[in-house]
Amino acid sequence: MTDASPSRAPVNAPRLGAAPAAPGPATPEPPLIETDKLALYYGHSKALKEISIQIREKLVTAFIGPSGCGKSTLLRCFNRMNDLIDNVRIEGTVRVAGHDIYHDKVDVIELRKRVGMVFQRSNPFPKSIYENIAYALRLQGMRRGSELDGIVEKSLRGAALWEEVKDRLHTSALGLSGGQQQRMCIARAIAIRPQILLMDEPASALDPIATSKVEELILELKQEFTIVIVTHNMQQAARISDYTAFFYMGSLIEYDRTGRIFTNPSQKQTEDYVTGRFG
């Protein structure tokens, strides 16, 4: 299958734990991220095949599928990180809040402020913990120490790291454990208050305890941010996501509520993957 219609996901996706909607017609909320027949080529090789998907606000959406199926490539389309790769060509559209982000007049720097990213491996700057968080704020022209102090603390608290580092803010971030470094990178990403947070395998290099902390953090952060996460860990997708998209060989095979994907998928290929028959 080369495409999966976003209509497989209910149009008016309620937030987790929300009260049942009242009877009668409802006005659907527009998707925050939407792709329409998105195709991406590396040279002559087609890595994404006419992907159409709608992602709702303040939910966690997980991308699953075997290695090389296009999950991370699609994720990087949402903040144009693929622009940094030579010989990449894109067809179709990607809209964020209704705006075509591949339009010639789009300011990519502003886009990446709005759509933050956390990578597979933590990448702390060789600076203090404080400066790791404050660096992007300074680039935006923020200079007042008290204002910086407040945002650094708020961001570290938001990443559930403040209590662990508050007494060593001015020591090197490289001295943190792997799990702490990844949470600090999340704090750095949310410091500039993006609307969307992209996470590419954020816990793949972490031990089970650190992974659990990152997962708890993601569930807390979705109260404020729309989160899209790429993961090879299907148990992780089942634990933390509201919606799950299954990809195979550059195609979107199925996209639906996470519970349905894992218990009653509509596609045999999805069932075979989530039950471990391949992948």
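Quantities reported herein were computed from a predicted structural model and do not represent experimental measurements.

Calculation notes
- Residues numbered from 1 in each chain as written.
- Predicted model: local features only at pLDDT ≥ 70, side-chain atom pairs only at ≥ 80, totals over all residues.
- Heavy atoms only, no water.
- Pairing = 2+ DSSP bridges.
- Helix = DSSP H or I, 4+ residues; strand = E, 2+ residues; numbered from the N terminus.
- Buried < 20%, exposed > 50% of the residue type's maximum accessible area, 1.4 Å probe, protein only.
- Contact = heavy atoms within 4.5 Å.
- Salt bridge = Lys/Arg side-chain N within 4 Å of Asp/Glu carboxyl O.
- Phe/Tyr/Trp six-rings, centres within 6.5 Å; stacked < 30°, edge-to-face > 60°.
- Lys NZ or Arg CZ within 6 Å of the ring centre and 35° of its normal.
- Axes fitted to C-alpha atoms, helices over the stretch in contact; angles between N-to-C directions.
- Parallel < 35°, antiparallel > 145°, perpendicular 65-115°, else oblique.
- Left-handed = near helix turned anticlockwise from the far one by under 90°.
- Polar contact = N/O pair within 3.5 Å; in protein donor to acceptor, adjacent residues only side chain to side chain.

## A short note on the sheet that holds strand β1 (residues 33-42)
At step 1: Spatial ordering of the open sheet is given by β2-β1-β4-β5, a layout of four strands whose pairing is antiparallel. Only two strands of the sheet have a single neighbouring strand rather than two, namely β2 (45-55) and β5 (99-100).
At step 2: Two elements, β1 and strand β4 (residues 88-96), share eight bridges in a ladder whose sense is antiparallel. In the strand pairing of β4, E34 is matched with R95.

## Details of the side chain of E215
At step 1: By the secondary structure assignment, E215 is in helix α7 (residues 208-221).
At step 2: The class of E215 is buried, set by a relative accessible area of 7%.
At step 3: In this structure, E215 is in contact with Q236, R239 and I240, ignoring residues within four places of it in sequence.

## Points about the pattern of salt bridges
At step 1: A complete count under the given rule lists 16 salt bridges for this structure.
At step 2: The shortest N-O distance in the salt bridge between E34 and R95 comes to 3.6 Å. Here E34 is found in strand β1, whereas its partner R95 is found in strand β4, with 61 residues between them in sequence.
At step 3: By relative accessible area, which is 23% here, R95 ends up partly exposed.
At step 4: Taking the shortest distance from any N to any O, the salt bridge between R239 and E215 comes out at 2.7 Å. Here R239, found in helix α8 (residues 234-240), pairs with E215, found in helix α7; they are 24 residues apart in sequence, far enough to count as distant.

## Details of the packing of aromatic side chains
At step 1: Considering all chains together, one arrives at five aromatic pairs under this definition.
At step 2: Through pairs of rings, three or more aromatic residues link up here, namely F63, F78 and F247.
At step 3: Between R89 and the ring centre of Y41, over which it is positioned, the NZ or CZ distance is 4.1 Å.
At step 4: Above the plane of the ring of F125 lies R188, whose end atom (NZ or CZ) is 4.1 Å from the centre.

## Concerning the packing of helix α3 (residues 129-139) against helix α6 (residues 178-190)
At step 1: Here α3 crosses α6 at 30°, and the two axes come no closer than 8 Å. Viewed along their axes, α3 and α6 adopt a mutual orientation that is roughly parallel. Crossing handedness for the pair α3 and α6: right-handed. Residues I129, N132 and I133 of α3 lie in contact with α6, whose contacting residues are M184, A187 and R188.

## Remarks on the side chain of T231
At step 1: Turning to its location among the elements, T231 is positioned in the loop between β8 (226-230) and α8.
At step 2: Accessibility expressed as a relative area gives 1% for T231, which makes it buried.
At step 3: Polar contacts involving the side chain of T231 include one to the side chain of Q236, which spans 2.8 Å.
At step 4: Residues in contact with T231, not counting those within four places in the same chain, are F63, I64, K71, E201, Q236 and A237.

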